[in-house]
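Notes for the structure review
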Amino acid sequence: MWIEIPREFMMTVRTRVAPSPTGDPHVGTAYIALVNLAVARQNGGQFVLRIEDTDQVRSTAESEKAILESLRWLGLDWDEGPDVGGDHGPYRQSERSALYAAHCQKLLDTGHAFRCFCSADRLAELREAQRKAKADFGYDGRCIGLTPDEVKARLDKGEPSVVRMKVPREGRCVVQDAVRGPIEIEWRTVDMQVLLKADGLPTYHLANVVDDHLMGISHVIRGEEWISSAPKHLLLYEYFGWEPPQFVHLALLRNPDKSKLSKRKNPTSLLWYRRMGYLSEALLNYLAILTGGLTIPDGGEERISISETIEQFVLNEVSQGGPIFDLGKLDWLNARWIREGLTDEAWLARVQDWALEPERLKAIARLARSRTVKLTDLVGLTGHFFAGFLPLDADEIRKVASSDEQVLQAMHFAYEAVNAVSPWDRASLLSAFEDIARFQGLKLSKLIPPMFLVLTGRVTGPSLFDVLELMGRDIARSRLQMAVQVLGGVGKKVVKRWDKEWQTHLARE
RNA sequence: GUCCCCAUCGUCUAGAGGCCCAGGACUCCGGCUUUUCACGCCGGCAACAGGGGUUCAAAUCCCCUUGGGGACGCCA
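Residues numbered from 1 in each chain as written. Chains lettered and ligands numbered in written order. Predicted model: local features only at pLDDT ≥ 70, side-chain atom pairs only at ≥ 80, totals over all residues. Heavy atoms only, no water.

Points about the overall build of chain A
- Each helix and strand in chain A was counted, giving 22 helices and nine strands.
- Taking 23 Å as the expected radius of gyration for a compact globule of 509 residues, we find that chain A reaches 26 Å, a close match to that expectation.
- When the 509 residues of chain A are sorted by exposure, 47% land in the buried category.
- Once local pairs closer than 6 in sequence are excluded, the contacts in chain A between residues at least 24 apart make up 75%. (Helix = DSSP H or I, 4+ residues; strand = E, 2+ residues; numbered from the N terminus. Rg over C-alpha atoms; globule rule 2.2 N^0.38 Å. Buried < 20%, exposed > 50% of the residue type's maximum accessible area, 1.4 Å probe, protein only. Contact = heavy atoms within 4.5 Å.)

Quick look at the structure:
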C-alpha cells in the first residue's frame, strides 16, 4: 500500500540568508538570519550564508567582511558559506557566473526568455510615458518578436543586450506563502524582468532561483518586500522544471514613523549596536521578540537565550504586521542581560573585549600621546572614544562657529559626507570636509572647531580626521545627526535648497 | 497612479465566537525600600480604526471604508 509522506518530512530543511555586500551590515539582515537559523536548527537542517554580489558597481569586499563579522558577533553561525565552505559552493554569486549564463541560455533555448536591445534611455522614456498615461508600468515587449536572425545580426554587430524572461499577459499567479496563505497576483502586473544584465551577470531574480535550487534550499524565508516579485521566481522554477521551495515573507522592521527601517531615522548598522555597547545576546533576544515567533505567557520571562529561541520559535506564529524597532525596549533588555545574564567573569571579559580591543586601543593611545602630560590626561583626551551620544549644547556649538546658519548647514553636509565617504579613511574624510569648507567659502580651520565639538565633546584634540577614522562611521553619524537636531533641525525645503546650491557649486568648480 | 501586504494601549504583544466593560511587557506617573542614584518591590494611566453584515453571542468570521507599509530598476 502506498502511503503519502508529507513533503516536509521527506527532505532536509535547508534555509539561507543572502545579504548583498553593498553597505553596512544591516540589523534587518540579522533579523532574517535569526529566523532562518532557528528554522534550520530546530529541524536538524542546515543554515547557509550566501553572498549576493551580482551588482558589481556597489558590492565591496569591505562590506562583505563587515557582514560576516557582524553576523558571527551575534552568534548566527552558518553551516555553509563563503568562509567555511560546504558541498554546494561557491557561496559567492560573483564566482558562479558561468552557472547563471548556462541556465539563462537554457531559458533562451526553450523560448522562455528573449534578447532585448532596448537602451536604458528608451526604457526611461517608456516609464515616463506610462507614468503620464497612468498605465501599468513595465516593459512593452518591443524586442520579444525579434527573429533569431535579427538577434544574431545585432549580437554580431556587438550591440549591447540583456536577456528578459517572458511573462504571461493574462491570468493570475498564486503565491503560496507558508504562513500568510495564498496571495493572488495578476500576471499583467508582473514585469518581463531582466535576467541577465548587459555585463553578463545575472540579476537577483535569476541568481536567486538558480542558487536556491542548486543549494537545495527548502524554505525561502525573506522580507515582505519580495512578495511582489515572487511570481517571477515561481515562474522561473516552472520554466526550469524545478520544485519551488516553501516561501515565507517576514514583515519588515520599521522606523518609529512606521516606514521601512532606514539609517536616517533609526540606527540600522550592526556595527553601531556593537560600538554603542549592546550585548549580542540582548540584540538577538530583542530581534527574536520582534519576530513574534516566540509566545511569551503573561508575566513570563522575556530574557531568552539563542538556544531557547531556537527551541521555542514557531514559524507559523510570526507576526505579519511590521514591528517598530524600539531602542527603549532594547535598552531594557540589554540592561537585564548585563545585570542578570552574565557571570562576573563573563562580564569582565565583555568589558575587556569592548573597551580594550588591542588594535583599537593602540591607535587611540598613539593618537593622544603627544598631548598627554600625565596618564590621567588620557581620560579627558580619549573618553569620547568610549562614549555613545555626547551631551551637546546649542549655544556652546554656536560660540565656535561663524554663524547659526553656517554651522547648521555644515553639520548637515558633514552628516551627508559621513554617510557617503568611501573608503572610510583619513584622506577621504579630509577631502570631503575640504569640499564642505570650499562650498561655504570658509577656511577648513574655521569649519573644524564646531565639528570637533559635536564629534568629541571638546574643542581641542588630535586631528579631526584621525579621530574620525578611528571613531568609525556609525558613531560619527549618530553624533552629527544629534548635532543637527540640537541646532534646531533642517526642514525638507531647506535641504532641497542647499542641495541645489551644492550642485551649482560643484558645476562651477 | 497601479498591484500586493498589514491593522488590539505611545511601542512589542496575549487573545483562534461566550472565560475580555480585553491580559502581560517596555515607556511614563505615583508609592515603598535605600547614605545618593540606579536596581528591586507595589500600584496607576493607557487599546479592540470606522461602518455594515453573519450569530443567541464578535477584538475574534465576512464585506466595504479609512489608515499604515511595501513593490513597480540592466539594485538587492
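Having put the structure on the table, let's press on.
Here's the deal with the protein's contact with RNA strand B
- Around RNA strand B sit 47 residues in total, of which R180, K197, D298, G299 and E302 are the nearest.
- A share of 79% is what sugar and phosphate atoms reach among the atoms of RNA strand B within 4 Å of the protein.
- R58 places a side-chain nitrogen or oxygen 3.0 Å from a sugar or linking oxygen of RNA strand B.
- The contact in question runs from a sugar or linking oxygen of RNA strand B to an N or O atom on the side chain of R339, over 3.3 Å.
- Elements with a contribution of two residues or more to the surface near RNA strand B: β4 (162-165), β6 (181-186), α10 (280-291) and α12 (327-340).
- Taken together, the residues of the surface near RNA strand B break down into 15 nonpolar, twelve polar and 20 charged. (Near = heavy atom within 4 Å. Polar contact = N/O pair within 3.5 Å; in protein donor to acceptor, adjacent residues only side chain to side chain. Nonpolar A, V, L, I, M, F, W, Y, C, P; charged D, E, K, R; others polar.)

Concerning the side chain of N255
- The residue N255 is located in the loop between β9 (246-250) and α9 (270-275) in this model.
- Assessed through its relative accessible area of 0%, N255 is described here as buried.
- Reaching out from N255, the side chain makes a polar contact with the backbone nitrogen of S262 at a distance of 3.0 Å.
- For N255, the residues in contact, after removing those within four places along its chain, are K260, L261, S262, K265, N266 and I324.

Let's talk about the pairing of strand β1 (residues 14-17)
- In β1, alternate side chains face the same way, and those of R14 and R16 on one face and T15 and V17 on the other are all buried.
- Inspection of the sheet shows β1 paired to strand β2 (residues 46-49) by four bridges, in the parallel sense. Its bridge partner lying in β2, R16 is registered against V48.
- Crossover β1 to β2 through helix α2 (residues 27-42) is right-handed. (Pairing = 2+ DSSP bridges. Right-handed = clockwise from strand over helix to strand, strands pointing away.)

Digging into unusual backbone geometry
- Residue P423 follows S422 across a cis peptide bond; omega there is -5 degrees.
- In this fold, P423 is placed in the loop between α17 (404-420) and α18 (426-440).
- If you check the backbone angles, K258 has positive phi at about 80 degrees while not being a glycine.
- For K258, the position within the fold is in the loop between β9 and α9.

Description of helix α7 (residues 204-214)
- Counted residue by residue, α7 has nine buried out of eleven residues, so it is predominantly covered.
- Y204, H205, L206, A207, N208, V209, V210, D211 and D212 are the residues of α7 that are buried.
- Where α7 is buried, its residues meet β1, α4 (97-109), β7 (194-196), β8 (219-223) and α8 (230-240).
- Of the residues one or two after α7, G216 is the one with positive phi, at around 65 degrees.

Notes on empty space enclosed by the protein
- Taken as a whole, this structure holds one cavity of 30 Å³ or more when the rule is applied.
- Each pocket or cavity is described by its volume, and for the largest cavity that value is around 40 Å³.
- Along its surface, the largest cavity is lined by R275, R360, H384, F385, A387, M471, I475 and R479.
- When grouped by side-chain class, the residues that make up the lining of the largest cavity number four nonpolar, one polar and three charged. (1 Å grid on protein atoms, 1.4 Å probe; cavity = no way out; pocket = protein on both sides within 12 Å on 5 of 7 lines; lining within 4 Å. Points joined across faces, edges and corners; volume = space filled by probe spheres on them.)

Re the sheet that holds β4
- An order of β3-β4-β7 is seen for the three strands of this open sheet, with the pairing classed as antiparallel. Here the strands that pair on one side only, and so sit at the sheet edges, are β3 (113-116) and β7. Within the sheet, the average angular offset between the axes of one strand and its neighbour, ignoring direction, is 45 degrees.
- Bridging between β3 and β4 involves four bridges; their strand directions are antiparallel. If you follow F114 over to β4, its bridge partner there is R164. (Axes fitted to C-alpha atoms, helices over the stretch in contact; angles between N-to-C directions.)

Focus on the packing of aromatic side chains
- Enumeration over the complete set of coordinates arrives at 17 aromatic pairs.
- Centroid distance Y237 to W242: 6.4 Å. Interplanar angle 70 degrees. Geometry classified as edge-to-face.
- Taking relative accessible area as the criterion, W242 reaches 15% and is therefore assigned buried.
- Measuring from centroid to centroid gives 6.5 Å for Y237 and F247, while their planes differ by 75 degrees, and the two rings are edge-to-face. On the criterion of sequence distance, the pair formed by Y237 in helix α8 and F247 in strand β9 is long-range, its members being ten residues apart.
- Through a chain of ring-to-ring contacts, three or more aromatic side chains come together here, namely W272, Y273, Y278, Y286, F325 and F389.
- The lysine or arginine in question, R164, covers the ring of Y139, its NZ or CZ lying 3.9 Å from the ring centre. (Phe/Tyr/Trp six-rings, centres within 6.5 Å; stacked < 30°, edge-to-face > 60°. Lys NZ or Arg CZ within 6 Å of the ring centre and 35° of its normal.)

As for the layout of surface pockets
- If you add up the space inside the second largest pocket, you get close to 410 Å³.
- Lining the second largest pocket are 14 residues; nearest its centre among them are R264, H412, Y415, E416 and V495.
- For the lining of the second largest pocket, the elements supplying multiple residues, two or more each, are α17, α21 (473-486) and α22 (492-508).
- No other element matches the four residues that α17 contributes to the lining of the second largest pocket.
- For the lining of the second largest pocket, a count of residues per class yields five nonpolar, five polar and four charged.

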